[in-house]
Amino acid sequence: MLLLATPEQLVRYSSPSAPHWRQSAGRYSLSGLMLSVHSVDLLSSKTGPNRMEHHTDHYHGNALIIRRGQTFQIELDLSRPFNSNTDKLHLDLRTGPLPMVSKNTHVIIQLVEELEDNRWEAKIVERNGNRIKLSVNSHAKAVIGKYKLTVTVESPKGRSATTRDPRKDIVMLFNPWCEDDTVYMDDEEEKKEYVLNDTGRLYYGTEKQIGDRTWNYGQFLEGMLEACLYVLEKSEIPPPGRGDPVNVVRVISAMINSQDDNGVLAGNWSGNYVGGVSPTAWNGSVEILKKYHKEGGLPVKYGQCWVFSGVTTTVLRGLGIPCRSVTNFQSAHDTDVSLTTDMYFDEKMEPFDELNTDSVWNFHVWNDCWMARPDLPPGNGGWQALDATPQETSQGTFRCGPASVTAIRTGQVYLKYDTPFIFAEVNSDKIYWQRNLDGIFTQIQCEKKAVGHCISTKAVGSDKRNDITHLYKYTEGSEEERIAVETASRYGTKPDVYSTSMAEDVSLEVKLEGEGPRMGADAQLTIVMTNFSSQTRKTTLHIQVAVMYYTGVLKGTVKKDKMPVALKPNEVKAMQWVLPYHSYQDQLVDQAALMLTLSGRVSETQQVLATQTSFRLRTPDLREAVVGKKMTAKITFTNPLPRTLRGVVLRVEGLGLQEVKEVVVGDVGSHSTVTRTEHFIPTQAGHRKLVAALDCKQLTQVHGVADIVVQDQ
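Just so it is clear, the model here is predicted, and its values are computed rather than measured.

About the cut-offs
Residues numbered from 1 in each chain as written. Predicted model: local features only at pLDDT ≥ 70, side-chain atom pairs only at ≥ 80, totals over all residues. Heavy atoms only, no water. Helix = DSSP H or I, 4+ residues; strand = E, 2+ residues; numbered from the N terminus. Buried < 20%, exposed > 50% of the residue type's maximum accessible area, 1.4 Å probe, protein only. Contact = heavy atoms within 4.5 Å. Areas by Shrake-Rupley, 256 points an atom, 1.4 Å probe, with all protein chains shown as cover. Lys, Arg positive; Asp, Glu negative; His and termini not counted. Charge placed at Lys NZ, Arg CZ, Asp CG, Glu CD. Core = buried A, V, L, I, M, F, W, Y, C linked by side-chain atoms within 4.5 Å. UniProt positions renumbered as here; feature names shortened; annotations may be inferred. Polar contact = N/O pair within 3.5 Å; in protein donor to acceptor, adjacent residues only side chain to side chain. Phe/Tyr/Trp six-rings, centres within 6.5 Å; stacked < 30°, edge-to-face > 60°. Patch = residues over 30% accessible without salt bridge, like charges linked within 9 Å, V, L, I, M, F, W, Y side chains within 5 Å. Salt bridge = Lys/Arg side-chain N within 4 Å of Asp/Glu carboxyl O. Pairing = 2+ DSSP bridges. Axes fitted to C-alpha atoms, helices over the stretch in contact; angles between N-to-C directions. pLDDT = per-residue confidence, 0-100. Parallel < 35°, antiparallel > 145°, perpendicular 65-115°, else oblique. Disulfide = S-S within 2.5 Å.

Side note on the overall build of the protein chain
Counting its secondary structure elements, the protein chain contains 11 helices and 40 strands. Dimensions along the principal axes, computed over C-alpha positions, put the protein chain at roughly 125 × 60 × 40 Å. Across the 713 residues that make up the protein chain, the buried fraction comes to 56%. Look at the contacts in the protein chain between residues 6 or more apart in sequence, and 66% of them connect residues 24 or more apart. Element-wise, carbon and sulfur atoms account for 49% of the exposed surface of the protein chain, whose accessible area totals about 31,000 Å². In the protein chain, which carries 79 positive and 85 negative side-chain charges, the distance between the mean positions of the two groups comes to 5 Å.

Some words on the nonpolar core
Nonpolar side chains tend toward joint burial in soluble globular proteins. Grouped together as the largest cluster of nonpolar side chains are 61 residues, with contacts concentrated most on Ile-252, Val-264, Val-311 and Ile-321. Once residues within four sequence positions are removed from consideration, Val-311 is found in contact with Trp-215, Ile-256, Val-264, Leu-265, Ser-285, Ile-288 and Leu-289. Ranked by size, the runner-up nonpolar core spans 52 residues in total, among them Leu-508, Phe-615, Val-665 and Phe-680.

Examining the UniProt feature "binding site: Ca(2+)" (unreviewed entry) in the protein chain
Under the UniProt annotation, the feature "binding site: Ca(2+)" (unreviewed entry) is placed at Asn-427, Asp-429, Glu-476 and Glu-481. For the residues just named, distributed over 55 residues, the greatest C-alpha separation is only 11.3 Å, placing them together at one site. Relative to the elements of secondary structure, Asp-429 occurs in the loop between helix H8 (419–427) and strand S24 (430–435). By the element assignment, Glu-481 lies in helix H10 (residues 479–489). Within the structure, Glu-481 has its side chain in polar contact with the backbone nitrogen of Gly-477 (distance 3.2 Å).

Some details on the packing of aromatic side chains
The description of two aromatic rings rests on the distance between their centres and on the angle between their planes. For the coordinates displayed, the defined rule picks out 15 aromatic pairs. In this structure an aromatic cluster arises from ring pairing among Tyr-344, Phe-352, Trp-433 and Phe-441.

Things to note about H8
Among the nine residues in H8, eight count as buried, and that is most of the element. Every buried residue of H8 is accounted for by Thr-419, Phe-421, Ile-422, Phe-423, Ala-424, Glu-425, Val-426 and Asn-427.

Re a negative patch on the surface
Together, Asp-117, Glu-179, Asp-180, Asp-186 and Asp-187 give the surface a local cluster of negative charge. Tracing the sequence through the fold places Asp-180 in the loop between strand S12 (170–173) and helix H2 (188–196). Looking at Asp-180, the relative accessible area reads 38%, which means it is partly exposed.

Things to note about the environment of Leu-541
You can see Leu-541 is positioned in strand S30 (residues 537–548). The class of Leu-541 is buried, set by a relative accessible area of 0%. Residues Leu-541 and Asp-561, 20 residues apart in the sequence, show an inter-C-alpha distance of 8.3 Å. The contact partners of Leu-541, leaving out residues within four places of it in the chain, are Leu-508, Ile-527, Met-529, Asp-561, Lys-562, Met-563, Val-565 and Ser-599.

Let's talk about the sheet that holds strand S32 (residues 572–579)
In spatial order, the strands read S28-S29-S32; together these three strands make up an open sheet with antiparallel pairing. One side of each edge strand has no neighbouring strand; the edge strands of this open sheet are strand S28 (506–511) and S32. Strand-to-strand twist in this sheet, taken as the mean axis angle between neighbours without regard to direction, amounts to 20°. Sheet analysis places strand S29 (residues 523–531) next to S32, joined by eight bridges and oriented antiparallel. Residue Leu-525 lies in a different strand from S32, and its bridge partner there is Trp-577.

Quick notes on unusual backbone geometry
Omega for the bond connecting Lys-301 with Tyr-302 falls within 30 degrees of zero, at 5°, which places this linkage in the cis form. Considering the arrangement of structural elements, one finds Tyr-302 in strand S16 (residues 300–303). Geometrically, the link from Lys-416 to Tyr-417 is a cis peptide bond, its omega value of 5° lying close to zero. Here Tyr-417 is to be found in the loop between helix H7 (405–410) and H8. For Asn-104, which is not a glycine, the phi torsion comes out positive at approximately 65°. Mapped onto the elements, Asn-104 comes out in the loop between strand S6 (88–94) and strand S7 (106–110). When its relative accessible area of 51% is taken as the criterion, Asn-104 is described as exposed.

Remarks on the side chain of Ser-278
Here Ser-278 lies in the loop between strand S15 (265–267) and helix H5 (286–294). With relative accessibility at 7%, the residue Ser-278 sits in the buried group. Within the structure, Ser-278 has its side chain in polar contact with the side chain of Thr-280 (distance 3.0 Å). If sequence neighbours within four positions are ignored, Ser-278 has contacts with Tyr-273 and Asp-695.

Description of the pattern of salt bridges
Evaluated as defined, the whole model comprises 31 salt bridges. Residue Arg-159 is joined to Glu-154 by a salt bridge in which the shortest nitrogen-to-oxygen separation is 3.4 Å. Put simply, Glu-75, Glu-126, Arg-131 and Lys-133 are held in one network by salt bridges that share partners.

Re the UniProt feature "domain: Transglutaminase-like" (unreviewed entry) in the protein chain
Residues given the UniProt feature "domain: Transglutaminase-like" (unreviewed entry) here are residues 297–390. Split by type, residues 297–390 is 16% helix and 40% strand. Its first and last C-alpha atoms lie 18 Å apart.

Remarks on the confidence of the model for the protein chain
On average, the protein chain scores 85 in pLDDT, and the residues at 70 or more come to 90%. Overall, residues 1–29 carries pLDDT values under 50, and its contacts beyond four positions in sequence, including any with other chains, amount to 25 contacts. Every residue in residues 623–628 is under pLDDT 50, and counting partners more than four places away or in other chains gives 13 contacts.

Side note on the packing of helix H3 (residues 224–234) against helix H6 (residues 305–319)
In the contact formed by H3 and H6, the axes pass within 9 Å of each other and the chain directions differ by 100°. In terms of orientation, H3 and H6 fall into the roughly perpendicular class. Of H6, the residues touching H3 (which contributes Met-224, Leu-225, Cys-228, Leu-229 and Leu-232) are Thr-314, Val-315, Gly-318 and Leu-319.

A word on the state of the cysteines
Across all of its chains, the model carries zero disulfides by this definition. Its sulfur unpaired, Cys-323 is 5.9 Å from the next cysteine sulfur, which belongs to Cys-369. The exposure class of Cys-323 is buried, given its relative accessible area of 0%.

Looking at the sheet that holds strand S39 (residues 686–695)
Read across the sheet, four strands follow the order S37-S36-S39-S40 without closing on themselves; strand pairing throughout is antiparallel. Each end of this open sheet is capped by a strand with a single partner; those strands are strand S37 (658–668) and strand S40 (702–710). Within this sheet the neighbouring strands show an average axis-to-axis angle of 15°, counted without direction. Where strand S36 (residues 645–654) lies against S37, seven bridges are found, and the strand directions are antiparallel.

Some words on helix H4 (residues 245–255)
Of all the 11 residues making up H4, 10 are buried; the element is thus mostly covered by neighbouring parts of the structure. Looking only at H4, the buried set comprises Pro-245, Val-246, Val-248, Val-249, Arg-250, Val-251, Ile-252, Ser-253, Ala-254 and Met-255.

See the structure below:
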C-alpha cells in the first residue's frame, strides 16, 4: 500500500525496511538512513584553541599535539544529523605495534552526558546540521606517543568506521599543567623555563673558573618532535610502559648514548674526532637528533657529557617532561661502589696507578627532570637526577637514574635508581691510602670537602647561573652533611671507613688569583699552608702537574717539583708557584685542564698532607655579534696563543635565525684577529640567540652569543 500526501503531510512507505520521514519544525530528517562519517577535523591549527590550551602551539606544523589529562575538541562531518536516541559513536585510538585495550594502547572513547576527570570519554558540545563538535577527555596517565585515530558510528541501519589517515594521527605528550599527571609542576615560570624554553646555558670549566655557553635545544623546530618520538620508539621500553615518566626517562638516559643500544650519540674522549664532529663544536641538539632520525638510528659522532646532557634536555622537554641541564664541579667517579673517592700511594708516597681507578672530573654535566615518585617513600618526588653519559652500567645497561635529589641529599642511597653513584659524584669524601711494608693499605688522609662544588644550572627566566648545590647536599661540614655521608657509606663496599679518627694541625690549600691563568701565559698559583699548633712544623711538598681531560683522565705529567716548608707556631704561609707556558704548550687536550697534586709528611707528627686542585686555562670568548638592520652578524676572534692555529672553522646557528652553517676560516696567526660577517634571514619572531662556536684542534671551548629581537612583519 502506498499513501500519497502533500509536502506538509507525512509520507510513509508500507515496507518495514523503508526509511521513515519525520516532520520537525518544518524540516524533514532521515534518521533511519545509514550513518557514516564524511570527514574528521582535528582543529589542530597552531593558533587554534586545542594547541593553545595544551601549550603545544610552539611545535612546528599543524598536527594535533595534545597533553594528557586535558580535554580537546574535534569536529565530525556526518552523512546526516546525529540522533542521540538511535545512533551511537565512539573513537578508537591505537598506539604501538600491537594495540590492546588491556595494555592501555588501544583506547575506546565512548560518548557520555557529562565529562569526568581522569577518564577517556567524549561529549557532544555543538550540533550544526550534519556536523557535531566533540569535547574529548584523556586519562592523566595515558601512554604518550603517536596515536592512530578512527571513528566508528552505528545506527539501526548498520555500522560504519573511518579508515586510518596518517594526517589525522594524534600525538600525546606528558602534561606538567595537569595536577593528576605525575610530571605536574606548580610554578608557571618554571614550566616556561623547563618545558617551553628552547635555548639554555651549559656550564663547564672548574669551580673557580666557571665557563658558560648557550645551547640550542630546539625541541619545537620542524622534524624535532618526530625525532624525539623516534628515540623513544627505538628504545627497549614497550608502548604500555610509556605512560610512566620514571620508565621513560630511565630508558632515554640509555638511548642518548650509543654504548650498548645504538643510541643517539657516540662518546669520544680521545681528542681524535676524525669521521665526526668535535664535541666542543656542537651548538645545540637539533642537528644531532635530525641526523640520527634521518639516518635510521645510526649513532652521531661525537659527544661528551655536556652534549649528552643537552640532547637529553631536548628530548625530555619535547616529550613534555620538565628538564634542565646541571653541571657538577669536582665531580667524583666512584668505580667500586665504596661511596668514597679513593687515592692509593705506595710506601714512598708515589701514586699507585694500578689501583687509582676512581677519579674526580673537573666538571660533569647531567640532567634533572621533574616528577613525582610514587615508587619511593613520600617526600622523594620533585627533581630527579639523570645521567646519559656512559660511565658505569646499571642493571646491565649504560644508563643512570632517575635518582631522587632529596634521597641524594640525605644519603638514602638504597632508594632507586643509581642513587649511590650520583651521591658519590656530589658528596663522597676523598680518602688517601698508603701501602705499608706488609702490603696492607692504611688510611692516611681524608678530604671531606673535595667533591661536589658549585652545582649549577641556568636560572629561571634569565641567563644567570643558579647555584643549586644546596639541593644536592647539606652545607659542607655541617652535622647534617656528615650524617648523610656516614649514612650513605654504610651501604657501600667500605662501611667501616669512618671508624678511625685522625688528628690534624697543618692544613694545605691552593688558591687562584682573580679569574685564574690564561691560555698562552705562565700559570701562577698560590700554595697556602697553615699551622694550627703552638709548635714548629716542617715538611717537604712534592708537586706534580699533569695535563688532564675534564673527565679526570690524565694525559701525562708536565712538571715535577719539590718545596721544603718550615712553619712557625700558628703561622699562615702563602707561597707562589709558577708553571711556565713552555712546560704545557704542546701537551694540552680538550678543555685545557691541568691537575696539580701536592703531597708531603709533617716531620714532627707524621701527619700526611695531600690535596689535588684542577684549574682551567681561560680561553677567550668570541665577541658578541653586532646586529644591523639588514640582519648581519660580525664575528670577531683573537688568537691568544703564541702560535698559529691551523684549520679554524666557525659553526654558526640560531633557532629561527640561521640553520647550522660552517664557515672555514683557515689558519689564524699568533695573536692575530680575524673577522667574519654572516648574513641571515630570520624566520621566527621574538627573542632569538645567534650562537657561534670555534672548532680548532689547538684551542677548544671558544664560543659567543648575540641576543636578537625579531619583530613581526
